[in-house]
Structures are given as C-alpha cells and as structure tokens.
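# Structure at a glance
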Amino acid sequence: SEIKLRALSDNLPGGLVYQIDSGKDGQERRFTYLSAGVESLHGISAAEAMADPMAIYGQVAEEDRQLVAAREAAALAAMQPFSAEFRVRLPGGETRWRHFRSAPRRLDNGHLVWDGIEIDITERKRAEKTLRESEERYRAIVENTTEWIWEMDATGRHTFTNPMVTSILGFSPREVLEQDFSTLLH
C-alpha cells in the first residue's frame with residue numbers, strides 16, 4: 001500500500017501531495033511527507049523542503065501572503081478544508097500560480113496535521129487572463145461602435161443591445177430589453 005501510494009503521489013502530473021505537522025498549537029510548520037513533485041513545482045528537493053519548510057513557504061508571493069494566512073486561519077478555526085489560489089516565486093525568479101487544498105485533523109498526540117495537494121494552475125490563469133482581455137476588447141468595440149448591435153432569442157425578444165440603439169431608434173437599451181420590441185415600434 002505504501003509503495004502504491006508513493007507511486008501515485010510521485011506521478012501526479014503538475015502537482016504534489018504533502019502532509020504538514022503544525023504542532024499542538026497549529027503554529028509550527030514541518031513537512032512529514034512530500035511527494036517527488038516538489039522538485040518540478042518548487043525547484044528544490046523533498047529533503048531540502050523537509051529540512052527547511054520556509055524553502056517552500058518563503059516562495060509565496062509577498063502580495064498573496066495575507067490571503068494565504070487568512071484562509072489558513074479560517075480553515076483552522078472551523079477545522080474545515082483550506083483552499084487557496086496564489087502565486088509563488090521560484091528560486092530562478094519565475095512566478096507561477098498554484099492551487100493548494102488541504103484538510104486539518106488532530107492526531108492522538110494532539111498535533112494538528114494538514115493533508116493536502118498542490119496543483120500548478122499557471123496555464124489556467126493565463127487562459128483566464130487572455131479571455132478577460134478578449135472580453136474587454138469585444139465590449140469596448142460593441143459599446144463604442146457607430147452601428148446598432150443586438151441579439152434576439154427565438155421568440156423575437158431582445159437579449160442584448162448596445163448603447164447605439166438610443167441614437168438610431170431613440171430608445172434606451174433598457175427599454176429595448178424590458179419590452180417586446182414590436183410594442184416599441186409605431
């Protein structure tokens with residue numbers, strides 16, 4: 001079972017499995033398990049991270065540290081799963097996005113441990129940014145064009161209209177969307 005678990009966690013693509021012992025008061029940080037993915041995700045060996053947990057914790061981007069601390073504190077207070085997406089800065093200077101998810105539990109000795117996974121979500125974050133930028137460009141074009149652009153559903157009701165409808169037909173976009181368009185025409 002242990003060999004099978006290690007093989008599974010060591011081969012998690014773009015991710016790693018970990019366990020942190022944070023002591024009885026929840027303030028300590030000591031990795032008790034790290035899968036081999038730590039090397040590709042953090043640029044350090046599992047042995048280095050286990051010897052010095054700050055080798056990983058120190059990679060959390062300065063601007064995201066408060067978010068991580070707040071989410072962790074909330075998860076601990078409620079003894080509920082922790083989940084956060086944030087940036088890490090790798091030893092070579094590259095910034096990557098990660099999604100950490102873990103669950104706290106108490107051991108018989110009173111220590112608090114977190115069993116978790118870390119997944120690299122950099123490509124997803126880049127795709128989301130590209131989509132947002134594309135939507136912003138589209139919105140700017142549609143809202144600033146000198147043409148009337150609209151969309152209707154199968155019943156003939158407008159589901160979208162740009163602001164140019166006011167200049168062309170004299171109705172506000174809200175009037176066009178809230179009424180059956182045929183009632184607006186004389």
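Residues numbered from 1 in each chain as written. Predicted model: local features only at pLDDT ≥ 70, side-chain atom pairs only at ≥ 80, totals over all residues. Heavy atoms only, no water.

Phi angles above zero are rare outside glycine, and methionine 79 is one such case at about 50 degrees. Methionine 79 sits in the partly exposed class, given a relative accessible area of 34%. (Buried < 20%, exposed > 50% of the residue type's maximum accessible area, 1.4 Å probe, protein only.)

Another aspect to go through is the layout of surface pockets. Put simply, the largest pocket is a space of about 370 Å³. Together, 20 residues line the largest pocket, and Tyr57, Val60, Val68, Glu72 and Phe86 are the ones closest to its centre. For the lining of the largest pocket, the secondary-structure elements that each account for two or more residues are β1 (15–21), β2 (30–34), α4 (54–57), α5 (65–78), β3 (82–89), β4 (95–106) and β5 (112–120). Looking at the lining of the largest pocket, its residues break down into 15 nonpolar, one polar and four charged. (1 Å grid on protein atoms, 1.4 Å probe; cavity = no way out; pocket = protein on both sides within 12 Å on 5 of 7 lines; lining within 4 Å. Points joined across faces, edges and corners; volume = space filled by probe spheres on them. Helix = DSSP H or I, 4+ residues; strand = E, 2+ residues; numbered from the N terminus. Nonpolar A, V, L, I, M, F, W, Y, C, P; charged D, E, K, R; others polar.)

Before going further, it helps to examine the nonpolar core. In this structure, Tyr18, Leu34, Val38, Ile56, Phe82 and Phe86 are the most contacted members of the largest nonpolar core, which totals 22 residues. Elements with a contribution of two residues or more to this core: β1, β2, α2 (37–42), α3 (46–51), α5, β3 and β5. Apart from the residues within four sequence positions on either side, valine 38 is in contact with Leu16, Gly43, Ile44, Ser45, Ala46, Ala49 and Ile56. (Core = buried A, V, L, I, M, F, W, Y, C linked by side-chain atoms within 4.5 Å. Contact = heavy atoms within 4.5 Å.)

Looking now at the sheet that holds β3. Within a sheet, each strand pairs with its neighbour through backbone hydrogen bonds, oriented either parallel or antiparallel. One open sheet holds the five strands; their spatial order is β2-β1-β5-β4-β3, and the pairing between them is antiparallel. The open sheet has two edge strands, β2 and β3, and neither has a second partner. Strand-to-strand twist of the sheet, defined as the mean angle between neighbouring strand axes without regard to direction, takes the value 30 degrees. Contacts from α5 reach β3, β4 and β5 within the one sheet, and its direction differs from that of β3 by about 160 degrees. With respect to the sheet, helix α6 (residues 122–144) is in contact with β3, β4 and β5, its orientation differing from that of β4 by roughly 120 degrees. (Pairing = 2+ DSSP bridges. Axes fitted to C-alpha atoms, helices over the stretch in contact; angles between N-to-C directions.)

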